[in-house]
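# Examining the three-dimensional arrangement
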Amino acid sequence: MLKRRDGGFVLIEFAIALPLLILIAWGLASVTAKIFYLSKNQLADYVLETEAQYVIERVTQRARAASSITVEREEKYNLKIDKIELKYRAVNDDPENANLNVADVLERQIFVVDNKKLHAKRIDDGASTSPITGDNYFGGTQINLFHCDLNETEKILHVTLEMESLISGHKIKINTAVFMPGYGS
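Presented here is a report on the structure given in the accompanying data block. Note that the structure is predicted; figures quoted are calculated from it, not measured.

## Structural notes on the overall build of the protein chain
- Along its length, the protein chain carries 1 helix and 7 strands.
- Each helix and strand of the protein chain, ordered N terminal to C terminal, gives the series α-β-β-β-β-β-β-β.
- Buried positions account for 33% of the 185 residues belonging to the protein chain.
- Taking contacts inside the protein chain between residues at least 6 apart in sequence as the whole, the part at least 24 apart equals 48%.
- Surface summary for the protein chain: the accessible area is close to 12,400 Å², and the carbon and sulfur share equals 57%.

Structural data, given as C-alpha cells:
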C-alpha cells in the first residue's frame, strides 16, 4: 500500500486563504465604519430638523395668541440674537373647583438664547433653565441666528431661525411670517 502525504498542501492552502480572509475582514470593517458614520450624521441632521421645527412651531403658536410683543436685539457670540417676550391670553382652570370655572389669564413667554441654546422662560430672572434646543443625546445643535421683525400695522411677526448640527456641521435656516390677530388688543 502506498501512503499519501497531504501535510504540505494544508500549509500552502492556509498561506493563500489567510490573506483573503484578512482582506474580507478589512472590507467588512471599513463598510461597517462608513455605515456607522453616515447613520450618525443622518441622525444628527434629523435631530437638527426636528429641533428647528419645534422651535418655530412653539414661537408661532405663542405669537398667534400674543396681545403684545417685545423684541430686544443684541449681538451675542458674534451672532444676531433676539430676545422675545410675548404676552398672550391663556386659560387657567381651577382644579380645586368642582364646577371647573375657567379663568382668562395673561401668560408671559420669553424666548432667549444663552450659550447658543434657546431657552423658553416664564419670568425674566436671568437664571438659566433647561434649554429647548442644543442638549440632545443623538446630536448637539446650536443657534446661529434668531431674529424677529415686528410689523405693528399689519400685525405680522417675521421670524428667522438658523441652527447648526455640532455633529455633521450642516445648517438649517427657517423663515416664517406669523399673523397675530390679537396683537394690540
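## A closer look at the nonpolar core
- In terms of nonpolar packing, the biggest core is built from 26 residues, with Ile 69, Phe 111, Leu 118, Ile 143, Phe 146 and Leu 161 touching the most fellow members.
- Per element, the largest residue contribution to this core is 6 residues, and it comes from helix H1 (residues 7-65).
- Residues within four places of Phe 111 in sequence aside, it is in contact with Arg 58, Val 59, Arg 62, Asp 82, Lys 83, Ile 84, Leu 86, Leu 118, His 119, Ala 120, Ile 132 and Phe 146.

## Some words on a nonpolar patch on the surface
- On the surface, a cluster of nonpolar side chains totalling about 520 Å² of accessible area is made up of Leu 43, Tyr 46, Tyr 137 and Phe 138.
- Here Leu 43 shows up in helix H1.
- The exposure class assigned to Leu 43 is partly exposed, which follows from its relative accessible area of 36%.

Rules used in this analysis
- Residues numbered from 1 in each chain as written.
- Predicted model: local features only at pLDDT ≥ 70, side-chain atom pairs only at ≥ 80, totals over all residues.
- Heavy atoms only, no water.
- Helix = DSSP H or I, 4+ residues; strand = E, 2+ residues; numbered from the N terminus.
- Buried < 20%, exposed > 50% of the residue type's maximum accessible area, 1.4 Å probe, protein only.
- Contact = heavy atoms within 4.5 Å.
- Areas by Shrake-Rupley, 256 points an atom, 1.4 Å probe, with all protein chains shown as cover.
- Core = buried A, V, L, I, M, F, W, Y, C linked by side-chain atoms within 4.5 Å.
- Patch = residues over 30% accessible without salt bridge, like charges linked within 9 Å, V, L, I, M, F, W, Y side chains within 5 Å.
- Salt bridge = Lys/Arg side-chain N within 4 Å of Asp/Glu carboxyl O.

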